[in-house]
Every structure is written in structure tokens, then in C-alpha cells.
Amino acid sequence: MRCVTAPVIGVLALQGDVREHLTALTDVGAQARPVRRAAELDAVDGLVIPGGESTTISKLVDIFELREPIDKRIAAGLPVYGSCAGMIMLAQEVLDGRPDQRGFDGITMTVRRNAFGRQVDSFEAPVEITGIDGGPLHAVFIRAPWVERVGAGVEVLGTVTEGPAAGRVVAVRQGNLLATSFHPELTRDLRLHRYFVDLVRT
Amino acid sequence: MSETTSPNPDAGPVVGTARVKRGMAEMLKGGVIMDVVTPEQAKIAEDAGAVAVMALERVPADIRAQGGVSRMSDPDMIDGIINAVSIPVMAKARIGHFVEAQILQALGVDYVDESEVLTPADYANHIDKWAFTVPFVCGATNLGEALRRITEGAAMIRSKGEAGTGDVSNATTHMRKIRQEIRRLQTLPTDELFVAAKELQAPYELVKEVAESGKLPVVLFTAGGIATPADAAMMMQLGAEGVFVGSGIFKAGNPAQRAAAIVKATTFHDDPDVLAKVSRGLGEAMVGINVDDIPVPHRLADRGW
């Protein structure tokens, strides 16, 4: 039986790798559920924005009238974690996106979409994350964005350490908002999801 | 997801792994991939909310109508499409035509579809897809075919359906068949899995993995004959993880509106109220052809094995 105090964490389920996040969140003890409607958003203590196609997710957020409710919850302190497309959706400014593409009123940062290149440039590499013990995370980058600039109050948690993109910022946190360029949900390493669930609990 | 092909986690950056290839398809889930033959069509698809576009020289309905040998698109056209949109661009290569695939990889396409819609280049062998950095999607009509393609390195599977018809019945058959065969594997004791592998003409390890997980180790989309929001939603309810739409959009009366409606129907595939709303006022769907009216030698789903 689930512990009654397990936080309820929604995964924005308009498009993308929703199932992988639901599985990872469940495995670290959260009550995970998909969120596609404003009413479903009301019931969550935290929200994950999955990997996917950010232009599509941005469009669907508007069409199905989720932008305002999510912005309101973020303003009220809702913990939100975004991976890849989710990072783009949490950025206040997006480079190389569509002109009509809009994220939530989220992290004070500028991200560059598809910054590492096209799919043939997608890669796996170890990334050290501040606040996560036990060695580097095995990070999977798929047509991934990177963080170009961060504003005041944004903590850089991780950067690429090797290869042509060494030094690029790929994990950040601002208060209750967390974002990574990569996809921990595609690996069996649950530390980042545990970190987020702990953030929701506190 | 296969762990055996993943690199040493302590090594530096590695490209072209099974995980990044299969992972790319995971990111397309719940989305619609649309066939386009020009940069203008690609823009319409992106505006409508497509998660990717598939570049080809003629949509299947035209290939069917015009006949002749159908090949990979002109590289200029593919470049034009890549430059026109920011979403992923896929492109089709002929079955077994590994040089078309090499060219597509060099052009920077994000996924190659080794497709029965084009005229096969090799009637014995499919492409060795492990040899590429770019990932591949392949069609399948049943589980054995899907597993053989995965064995050859496919990182995503789609039902074949009968492309260019606007008749969804074959896609339905293929989706049901694949799911049914997976469910059957789940009921078999270990000793019978060896025979199942023989019957499926697929490696035992892969068959065992599917029996244990109850799903393919790669993403399963649907394709072939999808022409309406209701078609897309039905395929999603039958277990597809996303939708390819070929001729169904640009052979219809109002492509932009229909494309957007299919995107919405795919996301809310299980909500009839939303489906009713998005199905209104779309104008004329593609006229279509009944699969039964197509002579057997002209059926595309029978290409590949």
C-alpha cells in the first residue's frame, strides 16, 4: 500500500515521454498521474513537463487552455521539473524556437533550442549535478537545448564536462523550479526524480 | 530499453547509441508526423503542431496514381524542408537501399524511414541499421516482422497499413495483430517461448524481452490510411503511441485545419467530447480507395518481410 503522505505529482501529458516520467516518479514513491486538464492540475503537489517537441507542447498548452492555470500555480510556488522540451517550456526566453512559441512564466534564463545539433549529434555523457551524491548522472541528450544565460537567483547545477560542448549549462534550479537539458527518465538512475520529489515534499 | 548497447557511463560523450536513437522516438510519442513534399507543406505541418515531418517526393496516393519507380527525395528538396522548419525532419529510403540512407544521414535528417511506400531496392535484405548514427523507423504488419526490423537496428516501428488509400482497415489489422501477438507471448511458459521465437523468426532474447515487458522495446506508431481525427484516435485507443499521416492531410480539402484537428485528436484520443468538437467543419476528407479494390500485386503492405 502507498504511504498516504506520498506527494501527488502530475506529468503534463499533452505530448512526449510521459510514461517514462510516470514510471520514474512512481518508483521513487510519488503518486504520479497524467495531467491534460486544468481540473487535473488542481490536484497535484508538483508537476513534471516531459521531453517531447516543445513547439507542439507550447501550441497544445494554449489550445487546451492550460497556460494561465499553470502560470498561476508556478507563481504560487508549485514545484515544477522540466526535462529537455520541459526545460524549454520553463524558460523565460527561447532562442531558435518558433516565433509564436512561448514557455511558462518560469526560470529567469535564456535557452537555445536544439543547441547541440540535429539527431545525429544526440549523445550520452556523464554530468555531475550539485546536490546529488553518488557520482555523475548518466545523461542522455536528444536534440537537446542548453542554457545560454541565467538571471539572478538561478543556480547552475550541472555542466557538460567533455567534448565539443564542454562548459555548457545543462541543469539549473530557481527556487521550486528545476530543469535539465537531458532525460534522466530514459535511464534507470532515479536520483534526479528523487531530488525533485524531495523538493516537492519540503 | 536495451541496456547492453549502452556505453560505459564513465566515458565521454557518445553519439548514435541505441538509447539516443530509441529515445528520440520516445520524444515523439503522443504526436503526429506528417508527410510533406515541399517546404511550404512542411511549414503548414509545423504550424498545425506536427512533432515531425516526413519528406518524400510524392505522397503515397500520388505514387499509387502515377505508378513508376518511387525513390528517395531530391536532396535539394530535403534541404529546403530542413531549412523551413525547426521540428525534426524524417525522410524515406527504399527498402534495402543503404546508399540512399547514407545520403539522408549526410543531409542531416533526424530519422530515416526504410519504407515499403517506395519501390524496394533489395528483395532479400533490409538495411543494416546498426551501421548508422541516424535512427531508423520501419513498417511492420505483425510482431515477427517488427522484431526482425528491431534486430536489424530499427529504433522505432510503425504499422504499415495500406498507404495512400485513406482506408484505415489495414492499419487496424496490423495494430491489433501486433498487440495480440504480444499478449499471447505474455501467457507462454519459458519453454514455449523458444518455439515462439522460431515461429516469429526472431531472436529468442528479443522475444523473451517482449514477453516480460508486454511491449516492444521501441516505440510503436501507426501509419497507413489515416485520414480523419477519428482514425487517429482509434489507432491511439488500439495501442499506437503516435500517428503518421501521409496523403490524408494534403489530399484533403483544408490541409491546415485537418492537420491541426488530427493533432488535437491524438492528444485527447480517449475523450469523445473533444473528438466530436475537433471533427467538425473540416471540409472534404481525401476521397480514398478501398483496400479491397486494389489488386494484390499493387498493395504496398506486402513489400518487406
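Residues numbered from 1 in each chain as written. Chains lettered and ligands numbered in written order. Predicted model: local features only at pLDDT ≥ 70, side-chain atom pairs only at ≥ 80, totals over all residues. Heavy atoms only, no water.

Under an unreviewed UniProt entry, the name given to chain B is Pyridoxal 5'-phosphate synthase subunit PdxS, and the source organism is Micromonospora endophytica.

(A) Spatial organisation of the UniProt feature "active site" (unreviewed entry) in chain B. Residue and element names in this part refer to chain B. Per the UniProt record, "active site" (unreviewed entry) is annotated on Lys92. Here Lys92 is to be found in strand β4 (residues 89-94). At a separation of 2.8 Å, a polar atom in the side chain of Lys92 contacts the side chain of Asp113. (UniProt positions renumbered as here; feature names shortened; annotations may be inferred. Helix = DSSP H or I, 4+ residues; strand = E, 2+ residues; numbered from the N terminus. Polar contact = N/O pair within 3.5 Å; in protein donor to acceptor, adjacent residues only side chain to side chain.)

(B) Expanded view of the interface of chain B and chain A. Tallying the contact residues gives 51 residues for chain B and 43 residues for chain A. Across the chain B to chain A interface the summed buried area is about 3600 Å²; carbon plus sulfur atoms make up 55%. Interface area lost by chain B to chain A is led by Arg19, Met27 and Phe268 of chain B, which between them contribute 19%. Joining chain B to chain A, the criterion identifies 9 salt bridges. Measuring nitrogen to oxygen at the nearest pair gives 2.9 Å for the salt bridge that ties Arg143 of chain A to Asp110 of chain B. The tally of links between chain B and chain A comes to 25 residue pairs in polar contact (both at pLDDT 80 or more). Elements with a contribution of two residues or more to the side of chain B that touches chain A: β1 (14-15), α1 (18-27), α2 (39-48) and α12 (255-267) of chain B. (Contact = heavy atoms within 4.5 Å. Buried area = accessible area lost by both parts, 1.4 Å probe. Salt bridge = Lys/Arg side-chain N within 4 Å of Asp/Glu carboxyl O.)

(C) Spotlight on unusual backbone geometry. Residue and element names in this part refer to chain A. Backbone geometry at Glu65 places phi at a positive 55°, although glycine is not the residue there. On the accessibility criterion, Glu65 (62% relative accessible area) is exposed. Not every positive phi belongs to a glycine, and Cys84 is a case in point at roughly 60°. Following the sequence through the fold, Cys84 ends up in the loop between β4 (80-83) and α5 (85-89). (Buried < 20%, exposed > 50% of the residue type's maximum accessible area, 1.4 Å probe, protein only.)

(D) Region of interest: the sheet that holds strand β6 (residues 136-140) of chain B. All names here are of chain B. Taken in spatial order, the 8 strands line up as β8-β7-β6-β5-β4-β3-β2-β9 in an open sheet, and their pairing is parallel. Sheet topology places β8 (219-221) and β9 (243-245) at the edges, where each strand pairs with a single neighbour. Taking the axes of each pair of neighbouring strands and ignoring which way they run, one obtains an average angle of 30° across the sheet. Alignment of strand β2 (residues 32-36) against β9, held across 3 bridges, turns out to be parallel. When the sheet's bridge partners are listed, Ile33 is paired in β9 with Phe244. Helix α6 (residues 143-151) rests against β6 and β7 (156-159) of the sheet, and its axis sits at about 160° to β6. (Pairing = 2+ DSSP bridges. Axes fitted to C-alpha atoms, helices over the stretch in contact; angles between N-to-C directions.)

(E) Structural detail: the environment of Ala50 of chain B. Along the chain, Ala50 of chain B turns up in the loop between α2 and β3 (52-55). Relative accessible area serves as the criterion here: at 0%, Ala50 of chain B is assigned to the buried category. For the pair Ala50 of chain B and His97 of chain B, spaced 47 residues apart in the sequence, the C-alpha separation amounts to 27 Å. Leave out the neighbours within four places in its chain, and Ala50 of chain B touches Glu53 and Thr56 of chain A together with Val32, Met34, Ala45, Ile87 and Val263 of chain B.

(F) Molecular detail of the packing of aromatic side chains. Inspection of the entire model under this criterion finds 11 aromatic pairs over all chains. With centroids separated by 5.4 Å and ring planes inclined at 55°, the aromatic side chains of Phe116 of chain A and Phe141 of chain A adopt a geometry described as tilted. Highlighted residues: Phe116 of chain A in the loop between β6 (107-112) and β7 (123-127) and Phe141 of chain A in strand β8 (residues 137-141), separated in sequence by 25 residues. Overall, Phe116 of chain A belongs to the buried group, its relative accessible area being 15%. Judged by its relative accessible area of 1%, Phe141 of chain A is buried. Arranged with centres 5.1 Å apart and planes meeting at 70°, the rings of Phe132 of chain B and Phe136 of chain B form a pair that is edge-to-face. A relative accessible area of 1% places Phe136 of chain B in the buried class. (Phe/Tyr/Trp six-rings, centres within 6.5 Å; stacked < 30°, edge-to-face > 60°.)

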